[in-house]
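Residue-level structure breakdown
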Amino acid sequence: MDSVMKQKLVQEKKAFDALGFNCFTDTDKTVSSYVASRLVDYNANASMADRTYQLSQAIDLSSDDLMLFGEDYATKVKDIARRTKCIVAYTDDLLYSCQITYNYDAKKKEVVTNSGVVQHYKVPMHISELAPIFLGHEHIHSIKETNYQEYINARRVGDVIPLFYEFVIAKKNYQEIYKTWLNARMYLMSDSKKKYTRVRQIMKKEFKDKDLYKIIATRTGQYLNSFYYALILYHMYLADEKLIMGLVKKVLNHEMTTIELLNTLGIYGPNHKTMFEEELNSLKKSL
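First, a word on what this report is: a plain description of the structure on this page. (Residues numbered from 1 in each chain as written. Predicted model: local features only at pLDDT ≥ 70, side-chain atom pairs only at ≥ 80, totals over all residues. Heavy atoms only, no water.)

1. Details of the nonpolar core
The tendency in soluble globular proteins is for nonpolar side chains to be buried as a group. Phe 69, Phe 164 and Phe 227 are the most contacted members of the largest nonpolar core, which totals 73 residues. In terms of residues, this core owes the most to one element, helix α10 (residues 210–239), which gives 11 residues. Counting residues in hydrophobic clusters, the runner-up holds 21 residues, among them Phe 21, Ile 80, Val 111 and Tyr 148. (Core = buried A, V, L, I, M, F, W, Y, C linked by side-chain atoms within 4.5 Å. Buried < 20%, exposed > 50% of the residue type's maximum accessible area, 1.4 Å probe, protein only. Helix = DSSP H or I, 4+ residues; strand = E, 2+ residues; numbered from the N terminus.)

The following block contains the structure:
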């Protein structure tokens, strides 16, 4: 590990500890490793996503898409987008992120749990036709993770609902680019798989800086873990839309957390592979 990366990871670990993030459990590791074993490699076909939007257009479209949950959610996201800056930070067209911050009381050495705000969005230089879907994913983060109890599990299951949202909205509102989106999403998942697998292999051989490598493993493993539950959630949504949407709204309303949602449905853990496999095979057929 070079010195620059090591220093970055040291700072990331300090923030991880200070903010009170919950670490991966053995169950999370089992699920992530299982998902990694089931994903094949995909190549991004970015040339298919050749329509270009202005960032403001993409923000408007992605905000309107939150009508999926109801008018209040679309209005809330529009308000967040209006007062939140977007930073051009990525050369890869597929990368977006949302930064949530909390105040830290240095005297008490604790997070001020009711201080969560959306600090900024990071967006790519080129805003393709996939932007509304991926921005919508970030809007979900912006709504739910200002609940501190949700935020502290963001490194375990933070992308369950954002990914579930992508599956639903891409099918419902973006049929003309559905295959393009799916190719991009599966490429990103296979990229997470490669990084997770590589770091796990290093950790088995090297004991030096193992705590720092855990940061990378957690970051990439979280996406695999979340993908598992997002597909299961989508499978259940297709069978009972009212039930699943009702529970998802509770998370968005800060009435429960994603972990509580998974436990309520009885699907937390690696014993629901049949539902996951059915939906994964369905995705593969679409490609």
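Moving on from the coordinates now.
2. Some thoughts on the pairing of strand β5 (residues 117–124)
Alignment of strand β1 (residues 85–90) against β5, held across five bridges, turns out to be parallel. Across the sheet, Cys 86 pairs through a bridge with Tyr 121, a residue of β5. With five bridges joining them, strand β2 (residues 97–101) and β5 adopt antiparallel strand pairing. Residue pairing across strands places Ser 97 opposite Lys 122, the latter belonging to β5. (Pairing = 2+ DSSP bridges.)

3. Some words on empty space enclosed by the protein
Empty space among the atoms becomes apparent when a probe as large as a water molecule is rolled across them. Scanning the entire structure with this criterion turns up two cavities of 30 Å³ or more. Within this model, the second largest cavity holds a volume of roughly 40 Å³. Glu 12, Phe 16, Arg 155, Ile 215, Thr 218 and Arg 219 together form the lining of the second largest cavity. Only α1 (3–18) and α10 provide two or more residues apiece to the lining of the second largest cavity. With three residues, α10 is the largest single contributor of residues to the lining of the second largest cavity. Counted by class, the lining of the second largest cavity contains two nonpolar, one polar and three charged residues. (1 Å grid on protein atoms, 1.4 Å probe; cavity = no way out; pocket = protein on both sides within 12 Å on 5 of 7 lines; lining within 4 Å. Points joined across faces, edges and corners; volume = space filled by probe spheres on them. Nonpolar A, V, L, I, M, F, W, Y, C, P; charged D, E, K, R; others polar.)

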